[in-house]
Structure formats: C-alpha cells, structure tokens
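Breakdown of the fold
What follows is each chain in one-letter form.
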Amino acid sequence: LFDGVYPFYPQQRKAAVFDVSTIIVIVVFLALACSFLLIIPGIRGRARLYWTLRVLLSLFVGVVIVVVQFTGDWETGWVQANTSYKSFSAAQVSADIGLHIGLAGLNVTLRGNPVRQINETINYNEHFPWSFGADYDLSYSQGLQKGLPSPILYVAEKFSRQSPCAVHGQYRIAGHYASAMLWVAFCTWVIANILFSMPVLVYGGYMLLVTGAFMIFSLLSFSTVRNSPTCLIQIGARTLHVAYGGSFWLMLAVGLLCFVAGVTIVAMHHLNLDLLKTFFDLREDKAEECQEMPEVLINPHVSNGL
C-alpha cells in the first residue's frame with residue numbers, strides 16, 4: 001500500500017481525450033440547448049425553423065471553441081510493438097502505445113495486447129502537463145517514483161526540459177498562444193451573438209469573420225511545433241509517429257464555417273437585406289410600414305355648407 005492506495009496511484013488518473021472539465025462544458029451547453037428547445041414551440045411559422053438553425057449552430061460553435069481547450073487529441077499517434085515492461089527486467093510485453101498531445105500537456109497510453117500479461121493488467125494512461133503554472137519535470141519525477149512502465153517514461157522523457165529533442169518549449173509556448181487566441185475567439189463569438197439580436201446584422205457578420213480568423217490563428221500557432229526538428233520515438237523495432245488529431249481538424253472545420261457564415265451575412269446585407277432580416281426575424285411588419293390613411297366617415301345629415 002502507498003498512503004493507503006493500491007498499487008501506485010494516490011491521485012486521480014486523467015482520461016486521454018475527455019476529462020471532467022470537458023464534460024462540464026458539454027453539459028452546460030447541452031442545458032442551454034435543451035432550455036431553448038423548451039421555448040421553441042412558442043415561436044410561430046417559419047421563424048421557428050430559422051431560430052432553431054441559428055441557435056443550434058451558434059451553440060455548436062461556442063462549445064467547440066471551449067471544449068478543444070481541454071481535449072488531448074490535437075496531435076495523436078499509436079504504435080503496436082514488443083517492448084520491455086519495467087526497468088532492469090528482461091520481460092517483454094506486446095502492447096499498444098499511444099501519444100495524445102493537447103494544448104496543456106500530453107497523455108501517454110499503454111494498453112497490453114492482450115491486457116493481461118506477465119500476471120499483471122497492463123492498462124495505463126498518464127497525464128504530463130506543461131501549461132503555465134504546471135511543472136512537467138515534477139510530473140515526470142513523480143512518474144519515476146511511482147514506478148510507471150518503461151514505455152510511458154520513455155515517451156514522456158522525450159518532451160521534458162532536459163531531453164535532447166528540445167521540443168518542450170515549442171509545445172508549451174505554442175499551446176499557450178493557441179489557447180489565448182481561442183479565448184479571444186470565444187469573446188468575439190459572444191459579441192457576434194449580441195449583435196445578431198440587434199438590427200446591426202452586418203456588424204455581427206464582421207464579428208463572425210473575426211471569430212473564424214482567431215480560430216485559424218490558433219491552428220497556425222499550434223502548427224509552429226512542426227518547424228522544430230523531428231525527434232524519433234523508437235519503441236522496440238517500431239517508431240511512434242504523430243499526426244494532427246480530431247480537435248485540430250474540428251477547429252479547422254468550425255473556423256471555415258464561421259468564415260462562410262460571416263461572408264454570407266455580409267453579402268446578403270448588400271444584396272438582399274429583406275431576406276437577411278427575415279432569417280433573423282427582424283423584419284418589420286409591412287402594415288406598420290405603410291401607415292395607411294384611416295377611413296373618413298361622413299355624416300350625410302350634415303348640410304354641405306357646414
């Protein structure tokens with residue numbers, strides 16, 4: 001026992017892609033979506049469809065901007081290899097080794113193939129943070145003290161400060177600036193929604209373009225790590241390669257969606273403003289615009305001279 005916990009895990013283990021923060025964000029946005037669906041029956045006519053489309057797309061963009069801050073699959077890689085399991089031991093295991101890189105750190109996954117080998121259950125997932133305020137080398141030292149398997153420590157050592165690969169600083173700075181730009185994109189997304197609720201739709205379109213621009217800037221910031229020299233991660237006879245993961249491509253798709261939506265709104269403002277106001281349910285009633293002359297009643301009993 002280690003502080004009353006068996007075998008080596010006194011702290012909570014972090015999931016590779018989803019963690020508690022991600023789940024909280026998703027639940028909050030789902031609550032907002034469900035609240036809107038409760039009031040949607042009160043909207044009449046075709047405006048109900050327009051409101052549903054606008055609100056759900058807007059919430060989707062917002063939840064993606066926030067969730068990718070906490071996901072760990074901006075870059076991912078898997079390899080299956082026969083490797084040593086522990087230091088100072090000749091025992092070999094067949095395992096799948098995964099590397100999941102996010103903005104705030106990385107996860108190393110080790111899963112036996114099969115899971116039960118050498119009288120042990122081989123199923124590990126360890127998180128090593130590098131965000132500002134976190135100490136990556138301390139997490140690595142704690143992994144050494146806990147006696148983590150050799151493949152996990154080997155992969156984690158490649159991203160430490162003392163590693164000859166010298167990629168720790170690049171990933172840390174790139175992740176920090178990418179996260180900062182995403183928070184700016186979230187603020188511009190909020191401003192765009194405020195402008196869309198007012199009769200200034202074209203400015204909401206411009207702000208939506210700014211939101212998409214900051215999303216793309218965050219991707220460019222994270223992509224700068226590709227300019228650093230590659231460092232081979234050799235596990236047994238196999239090499240672990242990483243590529244852009246689901247969060248990266250999802251952010252790219254949402255950023256392009258914001259660009260397309262912003263350009264469409266700006267173009268409709270100049271080409272067909274009435275249709276744009278109809279979509280946003282801001283079109284004034286034609287009866288009020290016409291302001292017809294009220295009907296005049298003449299009393300026939302009154303003489304013409306009066």
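Bear in mind that the values here come from a model prediction, so they are computed numbers and not experimental data.

1. Focus: a nonpolar patch on the surface
A contiguous nonpolar patch, built from Leu53, Leu57, Phe60, Leu250 and Leu257 and spanning about 390 Å² of accessible area, is present on the exposed surface. Listed by contribution, the elements that provide at least two residues to the nonpolar patch are helix H2 (47-67) and helix H7 (246-271). The element contributing the most residues to the nonpolar patch is H2, with three residues. Looking at the element boundaries, Leu53 is found in helix H2.

2. Things to note about the packing of H2 against helix H5 (residues 168-196)
Relative to each other, H2 and H5 sit at 160 degrees, their axes nearing to 9 Å. By the angle between their axes, H2 is roughly antiparallel relative to H5. Crossing handedness for the pair H2 and H5: left-handed. Each of Ser58, Leu59, Val61, Gly62, Ile65 and Val66 in H2 lies in contact with H5, whose residues at this interface are Leu182, Trp183, Ala185, Phe186, Trp189 and Asn193.

3. Re the confidence of the model for the protein chain
Put simply, the protein chain has an average pLDDT of 82, and 86% of its residues get 70 or more. Residue range residues 5-12 is modelled with pLDDT below 50. Its contacts to residues more than four positions away, or to other chains, number eleven contacts. In the predicted structure, residues 285-294 sits below a pLDDT of 50 and forms one contact with residues beyond four places in sequence or in another chain.

4. Some thoughts on the pairing of strand E4 (residues 120-129)
As judged from the nine bridges shared by strand E3 (residues 105-117) and E4, these two strands associate in the antiparallel manner. Bridged to Gly105 within E4 is Pro129. Between E3 and E4, which pair antiparallel one after the other, the connecting turn spans two residues, and Ile118 there sits at a positive phi close to 40 degrees.

5. Side note on the pairing of strand E1 (residues 75-84)
Regular strands show a simple pattern: their side chains alternate between the two faces of the sheet. Bridge count for E1 against strand E2 (residues 92-101) is ten bridges, and the pairing is antiparallel. Across the sheet, the residue bridging to Thr76 is His100, located in E2. Of the strand pairs in this sheet, E1 and strand E7 (residues 243-244) are connected by two bridges, and their pairing is antiparallel. Bridged to Glu75 within E7 is Tyr244.

6. Thoughts on the pattern of salt bridges
Enumeration over the complete set of coordinates arrives at three salt bridges. Lys86 is paired through a salt bridge with Glu120; the nearest N and O atoms lie 3.1 Å apart. Linking Lys86 in the loop between E1 and E2 with Glu120 in strand E4, this pair joins segments that are 34 residues apart in sequence. Lys86 sits in the partly exposed class, given a relative accessible area of 39%. Under the relative-accessibility criterion, Glu120 is labelled partly exposed at 25%.

Rules used in this analysis
Throughout, residues of each chain are indexed from 1 in the direction in which the sequence is written. Where local features are concerned, this predicted model is filtered to residues with pLDDT of at least 70; where side-chain atom pairs are given and counted, the filter is 80 or more; whole-chain, interface and lining totals use all residues. Excluded from the side-chain calculation are hydrogens and water; included are all heavy atoms of the structure. Like charges are joined within 9 Å and nonpolar side chains (Val, Leu, Ile, Met, Phe, Trp, Tyr) within 5 Å, but only among residues with over 30% relative accessible area and no salt bridge; these make up the patches. Using the Shrake-Rupley algorithm and a 1.4 Å probe, accessible areas are obtained, with residue cover drawn only from the displayed protein chains. A carboxyl oxygen of Asp or Glu within 4 Å of a side-chain nitrogen of Lys or Arg is what we treat as a salt bridge. Secondary structure is summarised from DSSP: a helix means a run of H or I of at least four residues, a strand means a run of E of at least two, and numbering begins at the N terminus for each. Every angle, taken between N-to-C directions, lies between 0 and 180 degrees, and every axis is a line fitted to C-alpha atoms, over only the stretch in contact when it is a helix. Orientation categories follow fixed angle ranges, with anything under 35 degrees roughly parallel, anything over 145 roughly antiparallel, 65 to 115 roughly perpendicular, and all other angles oblique. Left-handed describes a crossing whose near helix is turned anticlockwise from the far helix through less than a right angle; right-handed describes the clockwise counterpart. The contact rule is simple, with two residues in contact once any of their heavy atoms fall within 4.5 Å. Residue-level confidence of the predictor, termed pLDDT, takes values from 0 up to 100. Between any two strands, at least two bridges found by DSSP are needed for them to pair. Categorising residues by exposure relies on relative accessible area from a 1.4 Å probe, with only protein chains included: less than 20% of the type maximum marks a residue as buried, more than 50% marks it as exposed, and the intermediate range marks it as partly exposed.

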